[in-house]
Amino acid sequence: MKKMGIEVTFVDNDITPEELDKAFRPNTKCVFGETITNPTVSIFDIEKFAAAAHRHGVPLIMDNTFATPINCNPFKFGCDIVTHSTTKYIDGHSVGVGGCIVDSGNFDWSANAEKFPGLTTPDESYHGLIYTEKFGKAAYITKATSQLMRDFGSIQSPQNAFYLNVSLESLAVRMARHCSSAKKIAAWLKTQEKVAWVNYADLEDDPHHALQQKYCPKGTCGVIAFAVKGGRQTAIRFMDSLKLAFIDTHVADAKTGLLHPASHTHRQMTDEQLLEAGVAPDLIRYSVGLEDPDDLIADLAQALEQI
Ligand SMILES: Cc1ncc(COP(=O)(O)O)c(C=O)c1O
C-alpha cells in the first residue's frame, strides 16, 4: 500500500478511546479492522472504533471474512463498509479466488467533502459527474464498481461467481458446523499438558469472550490460534506429525488446514518483529474444516504424542 501512496497507522485492539483519538492524522481517510483477526482470532471492538472514526469524520471499514455475514453484521454496530475475502468461508471449498465490498450507504461523504474529493468533486472520466450528488447514499459503491473496477480490472469471472453463488446456499449450515467443531477442539486443546495456550473467543475463559458475546453471539469461526510448548522447532515437528490437516497458507475452508506463521508466511521476521506485529512466534493457526471433530481430536492427540 505504501507504493500506492497509502500510509497506515497501526493501533492495538485494546487501545483506550483517548489514545485512539491521538492516533488519527490530519490525512486519515478511514479506520480499518478485522471482525476476527487473522491469525490471532481476537475480536474487534466495533463500537469503539466506529465511534472514533465518526468523531474524526471518516468511515469504519471492516474485513468480515472470518465471521462471515452469518455470525456478524458489523453494520448493526456502526461499521460503514464491509469487505470479505470470498476465497474463504463464503466459497468454502477453495474453488475460486474472490472478494466483495458491501456498502451500508450510511456514511455521509458530503459532510466531510474536503477529505473525499474523489467522491465529492467532478469525475472527468465520467463527464464530470459528482458521485455524491448523482448517487447519494450509493456514491462510494458506485464509484468502486464503475470507476475503480474499470481501472484496476478486479472483476470476478462468471464461472467463479457461479461457484460462489452455489456455496452461499450452504454457508449458514457450514458455519454452524465449523463453529461447533472448533469450540469442541479448542476446549479439548486447553486440557492438554503440551499445549501452551489457546485463543478461541467462544470459550468462557477467553479474554475476548465478552466481545464475542456482544458481536458474534452465535459463534466466531472455525479458526483456533494455539501454541505447543517448546518453540519454533517443536511447532514444526508437531505440524509435520498431523495426518488429517493440510499445512497450508489458505484458511477458513471445508478441509482442515494449519499454518505456523513464524516458519511460513512470516519466516523472514525475527521473534521481536513478530511480537510487534501481534503474532506470537509459537502461534499455530488451526482452521477447523467440516470433518468429524472427534477424528480431528484423535489426529491432534497423536501429533502431540510425537513432541
Ligand atoms: C481475513 C482475510 N482477509 C483478506 C484476505 C485476502 O484474501 P484473498 O486471498 O482472497 O485476496 C485474507 C487471506 O488470507 C484473509 O485471511
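Residues numbered from 1 in each chain as written. Predicted model: local features only at pLDDT ≥ 70, side-chain atom pairs only at ≥ 80, totals over all residues. Heavy atoms only, no water.

**Details of the domain arrangement of the protein**
Where we set the bar: Residue ranges for the domains originate in an automatic or database domain assignment. Summed over both partners, the accessible area (1.4 Å probe) lost when two parts come together is defined as the buried area. Just to be clear on terms, a salt bridge is a Lys or Arg side-chain nitrogen sitting within 4 Å of an Asp or Glu carboxyl oxygen. Distance and chemistry together define a polar contact, namely a pair of N or O atoms within 3.5 Å, with one atom able to donate a hydrogen and the other to accept it when in protein, and with adjacent residues in sequence counting only for side-chain atoms on both sides. Numbered from the N terminus, helices here are DSSP runs of H or I no shorter than four residues, and strands are runs of E no shorter than two.
According to the domain assignment, the protein consists of domain 1 (2-158) and domain 2 (171-305). On a C-alpha basis, the centres of domain 1 and domain 2 stand 28 Å from each other. Surface buried jointly by domain 1 and domain 2 totals about 2,600 Å² across both partners, of which 64% is contributed by carbon and sulfur atoms. Interface area lost by domain 1 to domain 2 is led by Ile43, Asn71 and Tyr89, which between them contribute 28%. Scanning the region where domain 1 abuts domain 2 turns up 1 salt bridge. Lys214 is the salt-bridge partner of Glu47, the closest N and O atoms lying 2.7 Å from each other. For the interface between domain 1 and domain 2, the tally reads 15 residue pairs in polar contact (both at pLDDT 80 or more). Within the residue set of the side of domain 1 that touches domain 2, elements represented by two or more residues are α2 (46-55) and α3 (68-71). Tallying contributions element by element places α3 first for the side of domain 1 that touches domain 2, with 4 residues.

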